[in-house]
Amino acid sequence: MIEALEEAQKAYDCGEVPIGAVVEKDGAIIGRGHNLTETLKDPTAHAEMLALREAAKKLGGWRLLGCNLYVTAEPCAMCAGAIVWARIHRLYIGTMDPKGGACGSVFNIPQEPRLNHYVEIETGIMQQECQNILKAFFKELRKKKSEEG
């Protein structure tokens, strides 16, 4: 999760919502990502999606069997679907998202019994650190908006 937090900091530093993700297989990181939706003008450029793409490229296929994903905040529905599709073994989440999370909060797509793959989920990994970077980002964003307005 430390590596995912480093990715989140990269997002923060370029004005993106600070969420980071890493894909790990056999103890090695094979994919990294941080939010770049604003930078790339791409609604799919979430940290998880970018990390999954890099891992798939590195492994030479879209099935990420035996891989684990560490993400600083609970994935949205789009990312949760990609996590299932990629066949991620275990998902480690820093902090939950009660408004839009799709891995236990609003929905639980990775553990939906009607889907063809079940993802093990562990939550609360470095929760305070993951929450702090998000809180700091949104506090700073609100301050900038009030100064502009």
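Under an unreviewed UniProt entry, the name given to the chain is tRNA-specific adenosine deaminase, and the source organism is Zhenpiania hominis. Turning to the chain, the UniProt record has this under Catalytic activity (unreviewed entry): "adenosine(34) in tRNA + H2O + H(+) = inosine(34) in tRNA + NH4(+)". Annotation of the chain in UniProt includes, under Subunit (unreviewed entry), the sentence "Homodimer."

All right, on to the packing of aromatic side chains then. Summed over all chains, the structure comprises 4 aromatic pairs. With 4.4 Å between their ring centres and 10° between their planes, Tyr70 and Tyr92 make a pair best called stacked. With Tyr70 in strand β3 (residues 67-73) and Tyr92 in strand β4 (residues 90-95), the pair connects residues that are 22 residues apart, well separated along the chain. The pair formed by Tyr70 and Tyr92 is uniform in burial state, with each residue classed as buried. Between Phe137 and Phe138 the ring centres are 5.1 Å apart and the planes differ by 80°, which places this aromatic pair in the edge-to-face class. Residue class for Phe138 comes out partly exposed when judged on its relative accessible area of 33%. What links up through ring pairs into an aromatic cluster is the set Tyr12, Phe137 and Phe138. The ring of Trp85 carries the charged tip of Arg87 above its face, separated from the ring centre by 5.5 Å.

This part covers the UniProt feature "domain: CMP/dCMP-type deaminase" (unreviewed entry) in the chain. If you check UniProt for "domain: CMP/dCMP-type deaminase" (unreviewed entry), the listed places come out as residues 1-122 in our numbering. Across residues 1-122, the secondary structure splits into 31% helix and 24% strand, with the terminal C-alpha atoms separated by 12 Å.

Our next topic: the side chain of Glu7. Within the fold, Glu7 resides in helix α1 (residues 2-13). Exposure remark for Glu7: the relative accessible area of 3% places this residue in the buried category. For Glu7, the residues in contact, after removing those within four places along its chain, are Gly20, Ala21, Val22, Arg32, Gly33 and His34.

So, on to the pattern of salt bridges. Evaluated as defined, the whole model comprises 6 salt bridges. One salt bridge connects Glu7 with Arg32, and the closest N-O pair in it is separated by 3.7 Å. Pair noted here: Glu7 is in helix α1 and Arg32 is in strand β2 (residues 28-34), with a separation of 25 residues, a long-range link. The salt bridge partner of Arg90 is Glu120, with a shortest N-O separation of 2.1 Å. With Arg90 in strand β4 and Glu120 in strand β5 (residues 120-123), this residue pair connects regions lying 30 residues apart in the sequence. Since its relative accessible area comes to 25%, Arg90 is described here as partly exposed. Several salt bridges converge on common partners, so that one network encompasses Glu3, Glu7, Lys10 and Arg32.

The rules behind these values
Residues numbered from 1 in each chain as written. Predicted model: local features only at pLDDT ≥ 70, side-chain atom pairs only at ≥ 80, totals over all residues. Heavy atoms only, no water. UniProt positions renumbered as here; feature names shortened; annotations may be inferred. Phe/Tyr/Trp six-rings, centres within 6.5 Å; stacked < 30°, edge-to-face > 60°. Helix = DSSP H or I, 4+ residues; strand = E, 2+ residues; numbered from the N terminus. Buried < 20%, exposed > 50% of the residue type's maximum accessible area, 1.4 Å probe, protein only. Lys NZ or Arg CZ within 6 Å of the ring centre and 35° of its normal. Contact = heavy atoms within 4.5 Å. Salt bridge = Lys/Arg side-chain N within 4 Å of Asp/Glu carboxyl O.

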